[in-house]
Each structure stands twice: as structure tokens, then as C-alpha cells.
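# Examining the three-dimensional arrangement
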Amino acid sequence: MRLVLLGAPGAGKGTQAKKLIEKYGIPQISTGDILRKAVADGTPLGKEAKIIMDKGELVTDSIVIGLVKERLAQDDCKKGYILDGFPRNTSQAETLDKVLSEMKSPLDVALSVDVDKDDLMKRLTGRRTCKSCQQMYNIYFSQAKKDGVCDKCGGDLFQRDDDKEATIKNRLDVYEKATAPLIDYYGKKGILKSVKGVGSIDEIFNKICSMLGA
Ligand code: AMP
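This section reports on the structure supplied with the text. Everything numeric in this text was worked out from a predicted model, so none of it was measured.

### A few points about helix α8 (residues 181-189)
Looking only at α8, the buried set comprises Leu-182, Tyr-185 and Tyr-186. Buried residues in α8, looked at end-on, bunch into an arc of 85 degrees, giving them a common side. Here the buried face of α8 lies against β1 (2-6), α5 (90-102), β4 (109-114), α7 (165-179) and β8 (192-196). Positive phi shows up at Gly-190, right after α8, with a value of about 80 degrees.

### Structural notes on the pairing of β4
By the criterion of burial, β4 is predominantly enclosed, with 5 of the 6 residues buried. Judged from the 4 bridges that link them, β1 and β4 form a sheet pairing that is parallel. Bridge pairing in β4 links Leu-3 to Val-109. Here β4 runs beside β8; their pairing, made up of 5 bridges, is parallel. Counted as the bridge partner of Ser-112 is Ser-194 from β8.

About the thresholds
- Residues numbered from 1 in each chain as written.
- Predicted model: local features only at pLDDT ≥ 70, side-chain atom pairs only at ≥ 80, totals over all residues.
- Heavy atoms only, no water.
- Buried < 20%, exposed > 50% of the residue type's maximum accessible area, 1.4 Å probe, protein only.
- Helix = DSSP H or I, 4+ residues; strand = E, 2+ residues; numbered from the N terminus.
- Arc of directions from axis to C-beta.
- Contact = heavy atoms within 4.5 Å.
- Pairing = 2+ DSSP bridges.

See the structure below:
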């Protein structure tokens, strides 16, 4: 299955993607994760991207498209994949369509996870991420058992620079302007499915699975 996950920052795309990869045995391709790794590794690309990410803006299309193309060409993507955080605007979506049609493997589904703006703010400002395994927690909704420590691997929890309030506001504005139009884009192509991203993680996941016919 070749799937694109759509939804505002904080809608829970990453969390649902992690559950979907277990169920379907296909990789998650998160451009945000790839970029954060480049930042952590201190590569030239990472240094350039960090300035843009900290402002909540989008990294240039040519950078992310290059990263995604490279990733899609890897063997583990043959069975399918979950694109999380890409495409982020119409131009990325059009390029993706072109690349996939050359590969003769078009997208099967664009799944939109819909959440109200007020909820998104709380989810994002409360979000804490594990430095070691990237597991996410939330100080309002899903705290780690021990403050600041990952339940899964014991790593340190931290707040991402781009989860600070001013950046979040900008990320949500950028989403509305650049990314939300993709809901219409995939709707017109007839591959859009939408799920309300409210309730527990498992409830949302079950709704997604029944939508995907799993
Ligand atoms: P995310 O974790 O998906 O919210 O991504 C974090 C940040 O990485 C975004 O706010 C952007 O600055 C950058 N980013 C991630 N994916 C993309 C993309 N497809 N196009 C441009 N910038 C991206």
C-alpha cells in the first residue's frame, strides 16, 4: 500500500504512521524525521534546514523532493510506504505524482487526519519527544510514567525547538495556506479518505484500519 498521510502539525500523523508500519510491514517516510536527523548530524543540509525549521517555515521543495526520491528508490519501499509530512504543498504533490507515474506505482490512498485548531495548540505545546527513540508524549494527555524519561527506552524527553509557541502558530498558518489545499487535490483524484483525529490513539487507529479495509 502506498499511502500519504495528511493533517496539520499535531494531528497525530506520526503516531498513527508508527502503528500502520507495524500492521502493514511497510516503512514510514517522514521528511520531518529525515531533516531532524540531518540537523542532529550537523550536515550542511541540516544546518541550512534548521534555520528554516526553527521559524516554522517550509524547507525548499528541491531539498525535500531530493530526499524523498532517494528514499523511495530503496528496496524496502517496494511493498509500499507511508509518506508522513510530504507532500506539504501542491508543487510537491505534483512532483510526487510525476515521480510515481515514472515508477508506474501511483498512490493508493491519501488519508487526512482532521483535528480542531484549539486541540492542535495543546497537543503541540504539550508535546515531548524522546531524544533516543523519538517516542512522543504529551504533558496534558499522555505523560511518561517518570517525568522527562522515556517509558520505552529510558532516553531523555525534550521539547522540539519547533514545538515552541511562536513557531507553532506559524506552522499552523503555513499548514492552512500551503498544505490544506492538498485535501482538495487528492479529493479530486478520488483517493482521499478522512478520519476525525479525536479519541484515543487506538480508537483513531481502528477507524483508519476499517477505512483502509484492513
Ligand atoms: P514535521 O515533523 O513533519 O512537522 O516537520 C518539521 C519541519 O520540517 C517543518 O515545519 C518544515 O520546516 C520541515 N519539513 C518537513 N517536511 C517538509 C516538506 N515536505 N517540505 C518542506 N519542509 C518540510
